[in-house]
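If you want the building blocks of each chain, they are given just below.
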Amino acid sequence: MPDPIADITLGASILGIPSPLSGSLDIDAVTGLLVSSSLQLDVAGVQVPLLDVALSTNPTTGITTVTGSTLASGLGTGVTLTFTGTSPPTVTTSISALGAPVVTNTLSATAATVCYCTGTRIRTTRGDVAVEHLRVGDLAVTASGEQRPIRWIGHRVTETSRYTDPHLVMPVRVCAHAFGEGRPARDLRLSPGHALCLDLMGEVLIPVMALINGSTVLQEEVESVTYWHVELDSHDILLAENMPAESYLDMANRRFFAEGDVVDILATPDGEATSRTHADFCRPFYAAGSFVAVARQQLQRRLPELGWRLEQLEPWDGVALLVDGRRVVPKTRGLSACFELPAQRLEEAGDVWLVSPTGVASAISDSRDDRALGLCLAAVVIDDGLGAPRAVALDDPKLGEGFHEMQGDHRWTAGRARLPVELIAGMSGTMFLRLDLHAPPLRRWAAPEAGEYDAAAEDRTAPPALRLVS
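Rules used throughout
One numbering rule holds for all chains: residues counted from 1, following each sequence as written. In view of the model being predicted, local features appear only for residues whose pLDDT reaches at least 70, and side-chain atom pairs are presented and counted only at 80 or more, with totals across whole chains, interfaces and linings using the full set of residues. To get the side-chain values, all heavy atoms of the structure are used, and hydrogens and water are removed first. Each helix corresponds to a stretch of at least 4 residues labelled H or I by DSSP, and each strand to a stretch of at least 2 residues labelled E; elements are numbered beginning at the N terminus. Type-normalised accessible area, obtained with a 1.4 Å probe on protein chains alone, sets the label of each residue: buried when under 20%, exposed when over 50%, and partly exposed for intermediate values. In what follows, residue pairs with any heavy atoms lying within 4.5 Å of each other are defined as contacts. We get accessible surface area from the Shrake-Rupley algorithm with a probe of 1.4 Å; when it comes to residues, only the shown protein chains can shield them. Whether two strands pair comes down to DSSP finding at least two bridges between them. To obtain each axis, a line is fitted to C-alpha atoms, and for helices this fit is confined to the stretch in contact; angles are then taken between N-to-C directions over 0 to 180 degrees. By definition, a salt bridge exists where a carboxyl oxygen of Asp or Glu is found within 4 Å of a side-chain nitrogen of Lys or Arg. By definition here, a helix of n residues has an expected span of 1.5 Å times n minus one. Centres within 6.5 Å make a pair out of two Phe, Tyr or Trp rings, where for Trp the six-membered ring is used; the pair is then stacked when the planes are under 30 degrees apart, edge-to-face when over 60, and tilted otherwise. Whether a charge sits over a ring comes down to the Lys NZ or Arg CZ being within 6 Å of the ring centre and within 35 degrees of the ring normal. Under the rule applied, a polar contact is a pair of N or O atoms within 3.5 Å (in protein, one hydrogen donor and one hydrogen acceptor; residues adjacent in sequence only if both atoms are side-chain atoms). Nonpolar core, defined: a set of buried Ala, Val, Leu, Ile, Met, Phe, Trp, Tyr and Cys residues in which side-chain atoms within 4.5 Å join the residues together. Per-residue confidence from the predictor is reported as pLDDT, which spans 0 to 100.

**Section: the overall build of the protein**
Consideration 1: On a plain count of helices and strands, the protein comes out with 4 helices and 37 strands.
Consideration 2: Every one of the 470 residues in the protein was classed for burial, and the buried ones make up 48%.
Consideration 3: Taking the intrachain contacts of the protein between residues at least 6 apart in sequence as the baseline, contacts between residues at least 24 apart amount to 60%.
Consideration 4: A total accessible area of about 21,100 Å² is found for the protein, and carbon and sulfur atoms account for 53% of it.

Put into structure tokens, the structure is as follows:
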């Protein structure tokens, strides 16, 4: 049997959300094909195997879909899982009977942590040492003050373009002092699944990707990154740039690293945490739920202290259409905008992309909505000045990539939304595209001006107090 690159496991106890579907999938490392499946459906407390399981990946969107069926009568005759490349990945489970949805759940997959970026300083008995200069046998000083020997170091230069969803491997930056004075002492860069240790009524591990707020914790779009892991003889908490963060925990992903016996070019730096339980970690591990919500609130409350300010953008700031490599800006009035475009050129150029800044509701409020939200659309109208204006239904199936699901009478974009050329079929001459907003864009945190926070505090490395204070 080929080696799997993914062991996707679903279950309420792991994902933290009730789901009627559980089990796992193994995917071949070379072909990307399904090797085996143990998915099963909960029908009135009875586990029913999922039959005829098949997997397919859209090469354009990177979305992987798994389909299957069950003979169970009454609950559902068809099951579809859609794995969407977000951070963390989103899993949507739709169970249908006679073609109509019966149960639809949206879940978040989780990944374990392993990697630091080049330059990250790790506390040792010989001082704070850049991770690339550590040696096997060095004594790491843990967050509890213990001295523990490093038993293995792995590294890997990762080209993000190799991955269907580059955000699975792009680093996350935790800005200096994001969690308090000197925590971290300098900007800390980690792999997306790397867990930080926070004291929230007891110490817990939370993957940094669950804490992204677009301001003091943000993901960086890079072409390549070098990741390093530091392994002790058992899982523990290191001090990285004075910030408590976990050491490497083997998640069957050692082959990601150049030092592994076999190197898998498609492996990710973060293993599959769904194969583990709390007992495998040195602290309880949470990728979602109330602990994550509290940690995000603490980050948000810290922002004004660091000089960040909430600002409301003008409705159309940064909004444009990308047409054949050309940026087209609109004429605007209030919550309405009009773009003027040559229909003939559009048919030759192909799809048009609507781009805009994005905001995240959970970064500015107590909302748990962590989607990237661009424009809140109320109407889309196309007019060539000859025939009657053509309204595009917001739930038109052509509006897929870059659009979130409908919410009542409006629909959010995700910052880069595709407007397919089919929308202008039959039009000629000059075309006008009108957009009406249901509401202004979300407010966003504006970065502090230089000098608003004491930059001299960068190298403060006193042992940190781990507790986040309300």
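**A closer look at the sheet that holds strand E30 (residues 352-355)**
Consideration 1: Strand order in the open sheet formed by 4 strands is E27-E26-E30-E35, and the pairing between neighbours is antiparallel. Each edge of the open sheet carries a strand with a single partner, namely strand E27 (326-328) and strand E35 (416-419). Along the sheet, successive strands turn relative to each other by an average axial angle of 30°, direction set aside.
Consideration 2: Where strand E26 (residues 320-323) and E27 come together, 3 bridges link them in antiparallel fashion. Looking at the pairing, valine 323 lines up with arginine 326 of E27.

**Remarks on the pairing of strand E13 (residues 127-130)**
Consideration 1: Pairing between strand E12 (residues 121-124) and E13: 4 bridges, direction antiparallel. Note on E13: the bridge partner recorded for arginine 121 is alanine 130.
Consideration 2: In textbook terms, the turn of a hairpin is the stretch between consecutive antiparallel strands, and for E12 and E13 this stretch comprises 2 residues.

**Thoughts on the pattern of salt bridges**
Consideration 1: With the rule as written, the count across this model stands at 17 salt bridges.
Consideration 2: We note a salt bridge from glutamate 231 to arginine 151, for which the minimum N-O separation is 3.1 Å. Taken together, the residues glutamate 231 in strand E22 (residues 224-231) and arginine 151 in the loop between strand E15 (147-149) and strand E16 (152-159) connect sequence positions 80 residues apart.
Consideration 3: Given a relative accessible area of 4%, glutamate 231 falls into the buried group.
Consideration 4: On the basis of relative accessibility, which here comes to 47%, the residue arginine 151 falls in the partly exposed class.
Consideration 5: A single salt-bridge network, built from bridges that share partners, covers Arg173, Asp187, Arg189 and Glu220.

**Some details on helix H2 (residues 290-302)**
Consideration 1: Taking 1.5 Å per residue, 13 residues should reach 18 Å; H2 reaches 19 Å between its end C-alpha atoms and fits that length.
Consideration 2: Within the sequence span of H2, burial applies to Val292, Ala293, Ala295, Arg296, Gln298, Leu299, Gln300 and Arg302.
Consideration 3: The inward-facing, buried residues of H2 contact strand E19 (195-199), strand E20 (203-207), strand E21 (217-219), helix H4 (361-364) and strand E37 (444-446).

**What about unusual backbone geometry?**
Consideration 1: Between arginine 183 and proline 184 the backbone carries a cis peptide bond, its omega angle lying at -5°.
Consideration 2: Here proline 184 shows up in the loop between strand E17 (172-174) and strand E18 (188-190).
Consideration 3: Not every positive phi belongs to a glycine, and glutamate 241 is a case in point at roughly 50°.
Consideration 4: Of note, glutamate 241 is situated in the loop between strand E23 (237-240) and strand E24 (243-246).
Consideration 5: Even without being a glycine, asparagine 242 presents a positive backbone phi close to 75°.
Consideration 6: Relative accessible area serves as the criterion here: at 2%, asparagine 242 is assigned to the buried category.

**Describing the side chain of histidine 404**
Consideration 1: Along the chain, the position of histidine 404 falls in strand E33 (residues 403-407).
Consideration 2: Aside from chain neighbours lying at most four places away, what touches histidine 404 is Arg371, Ala372, Leu373, Arg411, Trp412, Thr413 and Ala414.

**Details of the packing of aromatic side chains**
Consideration 1: Considering all chains together, one arrives at 2 aromatic pairs under this definition.
Consideration 2: When the ring of phenylalanine 281 is compared with that of phenylalanine 285, the centres are 4.7 Å apart and the planes differ by 15°; the resulting orientation is stacked.
Consideration 3: Residue classification places phenylalanine 281 among the buried residues on the basis of a relative accessible area of 9%.
Consideration 4: Relative accessible area serves as the criterion here: at 9%, phenylalanine 285 is assigned to the buried category.
Consideration 5: Seen from the ring of tryptophan 353, arginine 416 lies directly overhead, with NZ or CZ sitting 4.6 Å from the centre.

**Some remarks on the pairing of E26**
Consideration 1: In the sheet, E26 pairs with E30 via 3 bridges, with the strands oriented antiparallel. Residue leucine 321 lies in a different strand from E30, and its bridge partner there is leucine 354.
Consideration 2: Hairpin remark: E26 followed by E27, antiparallel, with 2 residues in the connecting loop; positive phi at aspartate 324, about 50°.

**A short note on the environment of arginine 309**
Consideration 1: On the secondary structure map, arginine 309 appears in strand E25 (residues 309-311).
Consideration 2: According to the relative accessible area criterion, arginine 309 is partly exposed, its value standing at 32%.
Consideration 3: Separated by 135 residues in sequence, arginine 309 and arginine 444 have C-alpha atoms that sit 8.1 Å apart.
Consideration 4: Of note is the side chain of arginine 309, whose polar atom sits 3.4 Å from the backbone oxygen of glycine 307.

**Describing the nonpolar core**
Considering soluble globular proteins, one finds that nonpolar side chains tend to be buried as a cluster.
Consideration 1: Ranked by size, the top nonpolar core spans 33 residues in total, and within it Phe179, Leu196, Ile206 and Leu211 carry the most contacts.
Consideration 2: Broken down by secondary-structure element, the contributors of at least two residues to this core are E17, E18, E19, E20, E22, E23, E24 and H2.
Consideration 3: Considering every element that reaches this core, the biggest residue donor is H2, with 3 residues.

**Brief notes about the confidence of the model for the protein**
Consideration 1: Per-chain confidence: the protein averages 75 in pLDDT, with 64% of residues scoring 70 or above.
Consideration 2: Counting interchain partners and residues more than four positions distant, the pLDDT-below-50 stretch residues 72-77 has 17 contacts.
Consideration 3: Between residues 252-278, whose pLDDT stays under 50, and residues either more than four places distant or in other chains, the model counts 95 contacts.

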